[in-house]
Structure formats: structure tokens, C-alpha cells
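# A look at the structure
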Amino acid sequence: MPRPNLLFILTEQQQAHTTEPDSQCRMPAVNQLAAQGVRFARAYTVNAICSPARASLFTGTLPTTHGMVDCTHTVEPYRAEFDATLETWSQRLQALGYRTGYFGKWHVERTNRLENFGWDEYELTGSPQFIQYRRDLGLPDRPTDFSLQHVVRHKGYRDFLLYGAYEEPAEGTSEHYLFSRGMDFIDRAADADLPWCALVSVTAVHDPYLVPTEYYRRYDPEAITKPSNFDDDLSGRPAIYRRMRSVWRDMSWRHYAEATACYYGFCSLVDDQVARILHHLEETGQSENTIVIYCTDHGEMMGAHGLMHKGVFPFEEGYRIPLIVRWPGGGLAGAHCERLVNTHDLAPTIADMLGAEPLPRSEGRSLLPLLQGETPEDWVDEAYAEFQGQRFAWTQRIVWEPRFKYVFNGFDYDELYDLDRDPHEMNNLAQDPAYADVAERMAARMWARAKATGDHNLYNAQYPMFRFAPVGPETESWDPAAHQAGGA
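Keep in mind that what you see is a predicted model, and the values were worked out from it rather than measured.

Here we take up the side chain of D232. For D232, the position within the fold is in the loop between α7 (213–216) and α8 (239–245). A polar atom in the side chain of D232 sits 2.7 Å from the side chain of R237. Separated by 2.7 Å, the side chains of D232 and H305 make a polar contact. Every residue in contact with D232, bar those within four places of it in the chain, is listed here: R237, R245, H305, E425 and M426.

See the structure below:
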């Protein structure tokens, strides 16, 4: 039996809900993929910005370990420096004899020399080849003919293009081009009779939400449903969230709705490309021997709590992500998994599925048993995220249990949400005495994670001005049975 191939489709800044059957966003190809594999309904990113999340995905480690705690282009190297001694799952596959190809956005580290990280060939977003491709189609280097656009303006800041629709065909988009490059690579690897790994990493659906008009017109802004927490005044939450909401104070609901229509249109554009590449696998007889992973790096607020984009706000819209794995002959088909998983679990999972040696410093856990419908006896249903704060350094850690979510804020008061009773996260329970035991239990889990992963800056913060978590890092008592029960 030949080794299975791997097609990894990685999007950018995509809400989990956009890929779900009850969403107003229509992604039939992705939903068909889920019907043939396993949809992880409670998958969480380990960080809500690009580079930390992507570096974790490839190394199986948390940002504290791999060092890329902020985006590659935003801070000086000493503030976010990738540890290049860490092995990636792509290096493991290359060592097994896989032909590896990467097409699109990298944003993992600063060199952009992907040959050092296990990729035989690659082409990054915005390459000269893509510009020439557009010129060959008779298109300008970038879209210019907008039928709709919205620019956000603030005194003393550069204008910010938030969304728009332009009069060009889908064939001119980066997404169409990158999926085509992926298909070309797949054909060449197959012709050489080599097992292959193709990763297509599109910039969609990152802001600005710019789409061909034909995709914008698939969605009527008048019909877009306002998020249930859109009018949340964010009282009882850190003041920085309210300050960030004020950025959008001049936007009417109509603007949010148009932005959402463009965002959904962007998702549908991606879905059409997913349909293309999956059909290509069928046509070339490779579908039954190809594992397909569909994932994103982090989510997007898109009007939830009146916010846009992502960052320090820890809400589900920014952290819960789509994760779908189709493994013909090896995993379940049409399964819906509610276990809590993280993006850095994918590295050990890929190594497991393809028979590669484990990554020696991986901090994630293989999801292979879950893909096969089994739950290990020692499984702790928990997810975790580190946030070191972008340019302005807002320190944050997040712990999920099946029912509760605890947010440690190093810059303001903590947060605690009962996701069963309050799925839209409107009521912060962190200061409620009735939930003190929950807050203490989950804070103790945060300290345990910090200690296990070498998060020394957090764990060693013992000076009096740092002593404001519900319990401190020396806490040893923790009842796994109570944890799993998820009781208050």
C-alpha cells in the first residue's frame, strides 16, 4: 500500500461558524469534505494572531517555546524570534521521502527560506509570478475597479480599506492562482511516483475583505443576521475592549452587514477553489489515497461584541476555528467530534497519520485516536492559548474546559464564562463568589501549563504586584474528576 498523500488547506482569519451547515455563509465543498471526514467542533487556536498561531501549527509547540510571539513584520526581532532549531512536521515528511510543496502565505518566521523547514518547492503570496499571471490575463497588478468599498478614517492615521467588491473574474484572484499552483505540484509529484504533501495557504479571509463583485452579490446585506452579542456594552470586561470597540463608532450596522457579505463572499471564493482541487484529486485517481486537512490560523470577530478583526479580545469568534480532517481508510467519515483540541495538536497528528518519527519537543497531542472514534483513558478535555499581546504587550492566557472558559489578564481583571449558559459571553463570572472554585481550579490549570511548557516569565512572576490571579503558581491541588465534570 503506497504512503498516503497529504493536502493541507490553510485559510486566514476564518470563523469556525462559516464552515458549519447552519451558517448563512455557504461553503458546500467544505461541508462535503466534513461529511466524508471528522469535523472538530471545539477546535481552538493557541493564539489569535497570524505568526504565533502558524509557528505553533508547524512545530507542535506553544508560542513561548517557538518564540514567534508576535507577527513577523510588526516588532523588532528580539521581541519575536523563531527558534529555528525546532523541527517541523514538514521536515519529518521530507525525511520519509515525501515531495513537499508550499504555496501562499508563510508568516511563520522572518527568512522566508522555506527550504530550511522541509519544503522542496514553494511560492509565496504576492510573488512576481502571480503579478505576471495577472498581466497575462489583461488585469492590473492589483484590483482597481471597485463597485463597493468602505474606508475607515481616523484623525492622524492612514486611511484603512476595510472591505470592497471589484469588477474582476475569480480567475484573477490570488486564491485561484495558488490552488492552481497546488494542483500543478500534485500532478508533477504524482508523475514522479512520489508520495506528496501540498500545502495551499491563502490570505483569504483576512482583512481587507476584497472580493470580485460576483461573490459579494451572493449575499444580501439586508439579510445578514446581526450577531446576538452585537450590542454588548462590554461592561464588566477589561476596558481595552471598550476602547477598541470605539474604533468602529462611526460604522452603522449597514457597514457591518456589507463587511460580513464581503467576508462571506470571500469564504465562498475559497470554497469554490476547494471544490476545484478536490475534483482534481478525483479526476486523477488520487482522492482515495489523500488525507485532506482544512484549517485556519485564527478566527475573526466580524461584529461580535461590536468588534472587528482579532487580537486581545478572547471571545469564541476569534479563537474557535474550523478544523476538518478527511482520512480515507484510516479515520471516521461524517463524524462530529466535541473534544477540545488545539492547532498545535496537528503537528503530532500528521506525524502519527503518515508514520513519521515524533517531533521531540512537541507540546501538542496526537488526535489520531479521535479520528478513529476512540478517546484515550487519560484524555483531559481541555484547550489552552497564550497571548503575549502584539505591539502593545497585553499578556493573556486562556483555559477552556467543556463548560467554562477562564481568561487570565495581566493588564486588567480576569474573565470567566459559562459557555453552556452564556454561549455569547455576555456575563463575566470572574468576580462572582459563587464561581470562585471554578476560577481557582482553572487558574491552577493555567499555572500547570505554564510550568510544563517553560512559560517562565509567567510562572516566576511571584513579586507582590503580580499576585492577582485567583490562586498562585505554587498551587498543587487539582481534582481531575471535578475538572472533567465541569461543575461550578
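Now for the packing of helix α1 (residues 28–35) against helix α9 (residues 253–283). When two helices pack together, their arrangement is captured by the angle between the axes and the distance separating the axes. Axis separation between α1 and α9 bottoms out at 7 Å; the angle between their running directions is 50°. Of the possible angle classes, the one that applies to α1 and α9 is oblique. Facing P28, A29, V30 and L33 of α1, the residues of α9 in contact are D271, V274, A275 and L278. Broken down by class, the residue content of the contact of α1 with α9 amounts to seven nonpolar, no polar and one charged.

Turning to the confidence of the model for the protein, a few remarks are in order. The share of residues in the protein with pLDDT of 70 or more is 97%, and the mean pLDDT across the chain is 95. Contacts from residues 478–487, a stretch scored under 50 in pLDDT, to residues over four places away or in other chains number 22 contacts.

Right, let's talk about the sheet that holds strand β8 (residues 209–212) for a bit. Here three strands make up an open sheet; going across it, the order is β5-β6-β8 and the pairing mixed. With partners counted over all chains shown, the strands left at the sheet margins are β5 (146–152) and β8, one partner each. Strand-to-strand twist of the sheet, defined as the mean angle between neighbouring strand axes without regard to direction, takes the value 10°. Direction of pairing for β5 relative to strand β6 (residues 160–166): antiparallel, over a ladder of six bridges. The partner of F146 across the bridge, within β6, is Y166. Along the sheet face, α9 touches β5, β6 and β8 and points at about 60° away from the line of β8.

As a further point, take the packing of aromatic side chains. Under the definition given, this model contains 29 aromatic pairs. Aromatic side chains Y133 and Y177 sit 5.0 Å apart centroid to centroid with 45° between the ring planes, which places their arrangement in the tilted category. Here Y177 lies in helix α6 (residues 174–191) and Y133 lies in helix α5 (residues 128–136), a separation of 44 residues in the sequence. Exposure remark for Y177: the relative accessible area of 9% places this residue in the buried category. Measuring from centroid to centroid gives 5.5 Å for Y209 and Y263, while their planes differ by 85°, and the two rings are edge-to-face. Linking Y209 in strand β8 with Y263 in helix α9, this pair joins segments that are 54 residues apart in sequence.

Right, let's get into the side chain of T453. As for its position among the elements, T453 is in the loop between α13 (436–452) and α14 (456–459). By relative accessible area, which is 13% here, T453 ends up buried. Here T453 is in contact with L62, T64, T65, E363 and E386, once residues within four sequence places are set aside.

Here D120 is to be found in the loop between β3 (99–104) and β4 (121–124). Judged by relative accessible area, D120 falls into the partly exposed class, the value being 32%. Between the C-alpha atom of D120 and that of T45, which follows or precedes it by 75 residues, the distance is 27 Å. Setting aside residues up to four positions removed in sequence, D120 forms contacts with Q94, Y98, R99 and T100. A distance of 2.8 Å separates the side chain of D120 from the side chain of Q94, its partner in a polar contact.

Moving on to the nonpolar core. Counting residues in hydrophobic clusters, the biggest one holds 58 residues, and the most contacted among them are L7, Y209, V274, I277 and Y294. Sorting elements by how many residues they give to this core places α9 first, with 15 residues. Beyond its immediate chain neighbours, meaning those up to four positions away, L7 contacts W196, A198, I277, L278, L281, T290, I291, V292 and I293.

Further remarks concern a nonpolar patch on the surface. A cluster of nonpolar side chains, namely Y463, M465 and F466, defines an oily patch on the protein surface of about 360 Å² accessible area. Tracing the backbone through its elements, the reader meets M465 in the loop between α14 and α15 (480–485). When its relative accessible area of 51% is taken as the criterion, M465 is described as exposed.

A word on helix α2 (residues 50–59). With 10 of its 10 residues buried, α2 lies for the most part within the structure. Among the residues of α2, those classed as buried are C50, S51, P52, A53, R54, A55, S56, L57, F58 and T59. Positive phi shows up at G60, right after α2, with a value of about 75°.

Conventions and cut-offs
- Residues numbered from 1 in each chain as written.
- Predicted model: local features only at pLDDT ≥ 70, side-chain atom pairs only at ≥ 80, totals over all residues.
- Heavy atoms only, no water.
- Helix = DSSP H or I, 4+ residues; strand = E, 2+ residues; numbered from the N terminus.
- Polar contact = N/O pair within 3.5 Å; in protein donor to acceptor, adjacent residues only side chain to side chain.
- Contact = heavy atoms within 4.5 Å.
- Axes fitted to C-alpha atoms, helices over the stretch in contact; angles between N-to-C directions.
- Parallel < 35°, antiparallel > 145°, perpendicular 65-115°, else oblique.
- Nonpolar A, V, L, I, M, F, W, Y, C, P; charged D, E, K, R; others polar.
- pLDDT = per-residue confidence, 0-100.
- Pairing = 2+ DSSP bridges.
- Phe/Tyr/Trp six-rings, centres within 6.5 Å; stacked < 30°, edge-to-face > 60°.
- Buried < 20%, exposed > 50% of the residue type's maximum accessible area, 1.4 Å probe, protein only.
- Core = buried A, V, L, I, M, F, W, Y, C linked by side-chain atoms within 4.5 Å.
- Patch = residues over 30% accessible without salt bridge, like charges linked within 9 Å, V, L, I, M, F, W, Y side chains within 5 Å.
- Areas by Shrake-Rupley, 256 points an atom, 1.4 Å probe, with all protein chains shown as cover.
- Salt bridge = Lys/Arg side-chain N within 4 Å of Asp/Glu carboxyl O.

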